[in-house]
Every structure is written in C-alpha cells, then in structure tokens.
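Chains, contacts and geometry: an overview
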Amino acid sequence: MTSSQPQHIVDLFVIGGGINGCGIARDAAGRGLSVRLVEMNDLASATSSASTKLFHGGLRYLEYFEFRLVREALLEREVLLRAMPHISWPMRFVLPYHKDMRFEAETPASRLLSHIIPWTKGRRPGWMIRLGLFLYDNLGGRKILPGTSTLSLRGTVEGAPLQDRFETAFEYSDCWIEDSRLVVLNARDAAARGAEIMVRTKLTSAEREGTFWRVTTQDMDTGETRSHLAKMLINAAGPWVGDIIATKLRANSQDGVRLVRGSHIVTRRLFDHEKCYFFQGEDGRIIFAIPYETDFTLIGTTDADHDDPARAPVCTPQEQAYLLDFANRYFKQSLSDADVVWTYSGVRPLYDDGASSATAATRDYTLKVDRTGGAPVLNVFGGKITTYRRLAEAALEKVGGVFPGLPGPWTAGVPLPGGDFPVEGVEDLVARLRAQVPFLTAFWARRLVRAYGTEALDMLHGAQAAADLGRDFGATLTEREVAWLMRHEYARTAEDIVWRRSKLGLRMDKDQIAALDGWMRAHRHISSAEAE
C-alpha cells in the first residue's frame, strides 16, 4: 500500500535512530531546520543500546596518542552530566596495579617506550599510568568530578573482593550513562522542536532528483510505503552506514567502515560498593567490572572484528570465557558460566583507518559530505557515545555549507526531558516523589527518578494507591508506566521496554514479559503518534 499523503520537502532526512542520528536530529531541529528521521527497528536497537554505558574520556586512547578525542570527551563529561542528571552520574574507577601489566602490542606508546627504554619489554610501568592519569585529570577542565588518588587495597572495601596480590590501586573519575534512554530522550527533544521521528520504518530507496533527494520508506508493521523529498540526507545508520552507501545511494565511495563487536556479560552483584573496577590484562587489553542495576555486575568489553551488519551480534562462548577468565585473574571469587545471568553484544561502526587490529582502530568520528550528482549526503562514520553531542555540532557545521545562515551551537547544558534539576539533586527528587506517591518503595521511586527525572512526578500524578497505576506487570512495572512509554517514548513491544527503556528484563520472567507484550499488542492505539 502506498500513502497518498501530500509531500512536504524537508531540509534534512536522517537515516538511523541511534545516538548519532537522534543527536543530529535534535541539534538540527533546534536550529530551525525541518527534520525527518527513520529507524528500521526501535530507537537504540543496535549499537546505541549495547555500549559499556560510560561517559568517559577513554583512558586507554592516550596510548594511541588520540589526544584530541580524549580531550573532547573529557570536556563533554560534565557538560552532559548537567543536562541529564537523572540518567547519568559520576562514578569512581579503581585501577589495581601490578607489575605484569602490559601494553597492547601495537600501540604508539608501547613502540615509543620499547625504543627509549627497551628493558621494559612491553610492560606498562606505574609511572606511565600516573602520567596518563595526570593528563586525564587536566586535559578536560574538571569542575564536578574529583581527581585521581592512590588507594590502598589492604583492609578496604575496594580491596575486599580482589585477590591478595593486589595491594595498591589508582582511583579516578568518569561517568555512567543509561545509553538507550539517552537516545530516546534526544529523539523526544528533537520531536518537541519539530522533528518527525519514524520508528520501525525502513529506507527502501534514495534517488537524486536534481537538488533534492527522493526517498522511499516502508512501515515495517503495516507495509505502507511513503515517498519523501529532502534537500539533504544524513546517513547515520551505524553498522549499516556502508551498506546504505553501496546499496541505497549506490555511491562509489572510497570510505569504509570497520565493524568491531563488543560483548558483555552480567553476573549477580560481586562487590559491596558503587565503584567500578578497571582491569588490565597481560595481553594489553582492558575490561571494566561495573555496579549494574542495583543487584548485578556488568563485565566487558571485548574487541573482535564483525564481518556482516546483517548478522546479529551475540556474545560467543569464546568471548564469555575470555571475560570470565580475565575477571578471575582479579577477583577472589571464581566465576564460571553458571554465574552469568545475561549477555549482550553490539557492533561499533568504526571508520576504517587500516589499523592492524580491532582494538587499535580509531574511535574518533569521521564526517564526509558527498555532493557528486546534485543533492548532498553526509555520511557519519565512527564516534563514541560520550562525544555524540560534539559529533552533532560537527555535522551541523557541514550542513551549514548547504543551509547558510544557520544559528550556532545551542545544545551545551540544555536539559534533556526530565533533566531539569541539579546534578546533586537526585535524593531530593526521590524524596519529592515518595512524598507525592507515598506507596512507592525506595527501590521503585529511585528507579523511576533515574529513568524519568522530574517527569516521574508527571507520570504518577494523582496516584494515591498502587491500584491507581493499573495492571502490575511485575518488577514495579505498571500499566501507567507502559502507557507513558508507548505514548511518549516510541515503545511498541515488550522488548523495547524491558531491554531498552529499562533493564527490567533482568527481574521479570518469561511469562511476565509475554503478558506485557500481549497487553501492548491489544493497546496499539496508544502510540508515539500521540506524543506531546
């Protein structure tokens, strides 16, 4: 079926509902451009929901001398904290030190050190870690986050879960981020500023017609096709960026994407504090062990080349074994497959810079405008979640060549929906919510504040008893919240809610999730089309 809607020419047609696409759509809409975004699945359904969930400068990128990327990311941490204090918060990282720490073999820092001080034989000396942390503290102009300190692991809560051979650690600051929620909130803010967000809508063709693009899309639920006219395309399709260039745009581009799979495992909670561990292996790789969803620990990530975006990434048995073995070299408690309660894996679409290994491939972003044949397209390669806002600003600089006279950058510090409260104001907001809705447990209230910020007050307004929230689906998820997610946050299926808008899938059983999915199918009339 083909839509008979009258065509409206939009300024930007954005392909991809991950963090880059939604970040660009928000920035562009806020500058007065008309924007339409299509995502063939759910928002954040690929790479942007499968990160290690950190706003961080990338300490290990210093070994690759990627100083510009690290500085930009460090500067962004506090900008982002202020704009989204509900879904992001400071976290301290504990880096245990031992003499067998080694560089990844091909880093520029490793090669330089082996040339200057050959007797180190690839080891990562303590003084070099201190130097890296000094740079990390001072490249980014910290105001909120505390700096590095040295920590004894003897008789401390941080040392208790670690093997006795670790006596000293360095402790530094980075930040946690709820990655899927970050994407959805950017999409919502883009829509509030006039953008049209179309989920479960697939790009089927794109053809240049003089100075315009004629784009055809298909609704994945109804089969309806629709034709669009746009002055410029933004190809922010993540792992599919190369496929879009080759098969939809049919461009003869020399730019390529390198797909790198990162896998994670989740276990029951392994330690009794809220700090994260940064573990360094004898192979030069690093992993994190992070407090996760109150009762769990997140361990990751791996770096492995992934050959095909159409092949869904999964944490392989070999990757799970690698992460368990890595963690077992640090923790006293020996972990096995039986301790793993969930795994997930995502594909990072890195710019192919010819690096010899997946680990060495650049995490920096590359933006390329193609004007050959008329109407322009901007192809987005790489990037990391911490720098998504700066990537969007850089993209709008490129767009400015097509739309002269655009207003300048505006997003720094502007709150995302629900983020209009101070960084240190979470406890006060939890108390306000419990005062307004007295039947909430402490866990329930904190979960809602961490997901929705000040909007939790709006969502639960008028509720005096749990029955006022409708059906209880389990794990504190109610009909009131599900309807909110369908109406305001583009959720269509149970998976959207329990694995992306939240991680309640860790607490709900299969029957509860199936019941939720059935209820949502029966209430499809509640949809993102009714969003404010």
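Rules of the game
Residues numbered from 1 in each chain as written. Predicted model: local features only at pLDDT ≥ 70, side-chain atom pairs only at ≥ 80, totals over all residues. Heavy atoms only, no water. Helix = DSSP H or I, 4+ residues; strand = E, 2+ residues; numbered from the N terminus. Rg over C-alpha atoms; globule rule 2.2 N^0.38 Å. Buried < 20%, exposed > 50% of the residue type's maximum accessible area, 1.4 Å probe, protein only. Contact = heavy atoms within 4.5 Å. Areas by Shrake-Rupley, 256 points an atom, 1.4 Å probe, with all protein chains shown as cover. 1 Å grid on protein atoms, 1.4 Å probe; cavity = no way out; pocket = protein on both sides within 12 Å on 5 of 7 lines; lining within 4 Å. Points joined across faces, edges and corners; volume = space filled by probe spheres on them. Nonpolar A, V, L, I, M, F, W, Y, C, P; charged D, E, K, R; others polar. Polar contact = N/O pair within 3.5 Å; in protein donor to acceptor, adjacent residues only side chain to side chain. pLDDT = per-residue confidence, 0-100. Axes fitted to C-alpha atoms, helices over the stretch in contact; angles between N-to-C directions. Parallel < 35°, antiparallel > 145°, perpendicular 65-115°, else oblique. Left-handed = near helix turned anticlockwise from the far one by under 90°.

**As for the overall build of the protein chain**
- When helices and strands are counted, the protein chain shows 14 helices and 20 strands.
- On C-alpha atoms alone, the protein chain measures out to a radius of gyration of 23 Å, which is about the 24 Å that the 2.2 N^0.38 rule sets for 532 residues.
- Judged by the C-alpha coordinates and their principal axes, the protein chain covers about 70 × 60 × 40 Å.
- With 532 residues in all, the protein chain has 58% of them scored as buried.
- Pairs at least 24 residues apart make up 72% of the contacts formed inside the protein chain by residues separated by at least 6 positions.
- For the protein chain, the exposed surface amounts to about 21200 Å²; the carbon and sulfur share of it is 52%.

**A few points about the layout of surface pockets**
- By volume, the second largest pocket amounts to about 760 Å³.
- Trp-89, Glu-178, Glu-293, Thr-294 and Arg-450 are, among the 30 residues lining the second largest pocket, the residues nearest its centre.
- For the lining of the second largest pocket, the element with the most residues is helix H10 (residues 442-452), which contributes 5 residues.
- For the lining of the second largest pocket, the residue count by class is 11 nonpolar, 4 polar and 15 charged.

**Points about the side chain of Thr-476**
- Take Thr-476: it is sitting in the loop between strand E19 (472-474) and strand E20 (477-478).
- Here Thr-476 falls in the buried class, since its relative accessible area comes to 18%.
- A distance of 2.8 Å separates a polar atom in the side chain of Thr-476 from a polar atom in the side chain of Arg-447.

**Observations regarding the side chain of Arg-500**
- Along the chain, the position of Arg-500 falls in helix H13 (residues 494-501).
- Filtering out sequence-adjacent residues up to four positions away, Arg-500 remains in contact with Asp-42, Leu-43, Ala-44, Ser-45, Ser-49, Ser-180, Arg-181 and Glu-495.

**Here's the deal with empty space enclosed by the protein**
- Within this structure, the stated rule accounts for 5 cavities of 30 Å³ or more.
- Lining the second largest cavity we find His-98, Arg-165, Gln-280, Gly-281, Glu-282, Phe-326, Arg-329 and Tyr-330.
- Broken down by class, the residue content of the lining of the second largest cavity amounts to 2 nonpolar, 3 polar and 3 charged.

**Looking at the confidence of the model for the protein chain**
- Per-residue pLDDT for the protein chain has a mean of 91; in total, 91% of the residues score no lower than 70.
- The low-confidence segment residues 528-532 (pLDDT under 50) makes 11 contacts with residues lying over four places distant or belonging to another chain.

**A short note on the packing of helix H1 (residues 19-30) against helix H5 (residues 179-192)**
- One can describe the packing of H1 onto H5 by two numbers: an axis separation of 8 Å at closest approach and a directional angle of 25 degrees. The orientation of H1 relative to H5 falls into the category roughly parallel. Judged by the twist between their axes, the crossing of H1 over H5 is left-handed. Together, Ile-19, Cys-22, Gly-23, Ala-25, Arg-26 and Ala-29 of H1 and Leu-182, Val-183, Asn-186, Ala-187, Asp-189 and Ala-190 of H5 make up the contact between the two elements.
- Looking at the contact of H1 with H5 residue by residue, the classes come out as 8 nonpolar, 2 polar and 2 charged.

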